[in-house]
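# Descriptive analysis of the structure
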Amino acid sequence: MMARTAGTEDVPLPPWRKSRKPAQLRRQLSQDLIVEAGLRILDAEGLDALSMRRVAQEFDTGPASLYAHVANKDELLELVYDRVLSEIRLPERDPGRWKEQLREYMVEVHRVLAKHADLARVALANIPTGENSIRMGEFVFGLLIEAGMSPRDAALSMDRISLYVVSDAYEGSVHFTRMRAAGLSDPQEYFESFVGQIAGYYRALPAARFPHITKFVDALIADDGEERFQYGLELLLDGIEARMPRTP
């Protein structure tokens, strides 16, 4: 090993000076960065944890610095919601396959909302004004009209489709919040415990007053959330099909 050359040792600072760390460059804030941070918090900590102050902490700054890019929490939630909707893939409309395409669309929306559990709570109160919300609305509305539905029936069908998918995803988000509050991380463990308690309660009901519920408890709890969603989806699609004009 070579010996240190004389005179190359670091010179200590005088005791009256404070050492200074190199300045850390702060990322330039933008609406996109703020929305990304909001989505990360929502996914990791839930909707109740999301606030302008909490997002500001991600950038080591105060909430006031966010307001140049996002007006308030409500706007942030709308932006986060529309960002998530950009994940939804839409095919080219084919009115000859409207039922199949509508089924695929509903499954796709449900998949995306379920992936971002608490976001369904935002969706329930959201009027579709974002670019991706309108993109989805145009797809469903146009598909039904091109398949032969009147604009009024198409509008009402689109409204009920949206409410069904979002409400089902919202129910899942409620259970996710309860699971997190209970300190559980395994959804299967949580649901087995939850359904087991319900089944035990139903079986303990007086059979004379509730003969069908007590007799068919197993049927009431047999299907999981995915099977129930698919069943309701087919009910909706069959109902829409019944209102489609009959082709000669």
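First, a word on scope: everything that follows refers to the structure included in this document. Since the model is a prediction, treat every value here as computed from it, not as a measurement.

## Structural notes on helix α4 (residues 98-115)
The end-to-end C-alpha distance of α4, which contains 18 residues, comes to 26 Å, matching closely the 26 Å that a straight helix rising 1.5 Å per residue would cover. For α4, the set of buried residues is Trp98, Lys99, Gln101, Leu102, Tyr105, Met106, Glu108, Val109, His110, Val112 and Leu113. In this structure, the buried side of α4 is in contact with α3 (73-85), α5 (119-124), α6 (131-146), α7 (151-181) and α11 (225-243).

## Thoughts on a negative patch on the surface
A cluster of acidic residues, Asp223, Asp224, Glu226 and Glu227, forms a negative patch at the surface. Inspection of the secondary structure puts Glu226 in helix α11. Given the relative accessible area of 42%, Glu226 is considered partly exposed.

## Considerations on the side chain of Arg54
Position of Arg54 relative to the elements: it lies in helix α2 (residues 52-58). Engagement of the side chain of Arg54 in a polar contact is seen with the side chain of Glu58, the distance being 2.8 Å. The residues contacting Arg54, other than those within four sequence positions of it, are Ile41, Glu45 and Ala49.

Parameters at a glance
- Residues numbered from 1 in each chain as written.
- Predicted model: local features only at pLDDT ≥ 70, side-chain atom pairs only at ≥ 80, totals over all residues.
- Heavy atoms only, no water.
- Helix = DSSP H or I, 4+ residues; strand = E, 2+ residues; numbered from the N terminus.
- Expected span 1.5 Å × (residues − 1).
- Buried < 20%, exposed > 50% of the residue type's maximum accessible area, 1.4 Å probe, protein only.
- Contact = heavy atoms within 4.5 Å.
- Patch = residues over 30% accessible without salt bridge, like charges linked within 9 Å, V, L, I, M, F, W, Y side chains within 5 Å.
- Areas by Shrake-Rupley, 256 points an atom, 1.4 Å probe, with all protein chains shown as cover.
- Salt bridge = Lys/Arg side-chain N within 4 Å of Asp/Glu carboxyl O.
- Lys, Arg positive; Asp, Glu negative; His and termini not counted.
- Charge placed at Lys NZ, Arg CZ, Asp CG, Glu CD.
- Polar contact = N/O pair within 3.5 Å; in protein donor to acceptor, adjacent residues only side chain to side chain.

That is the geometry; function is a separate question.
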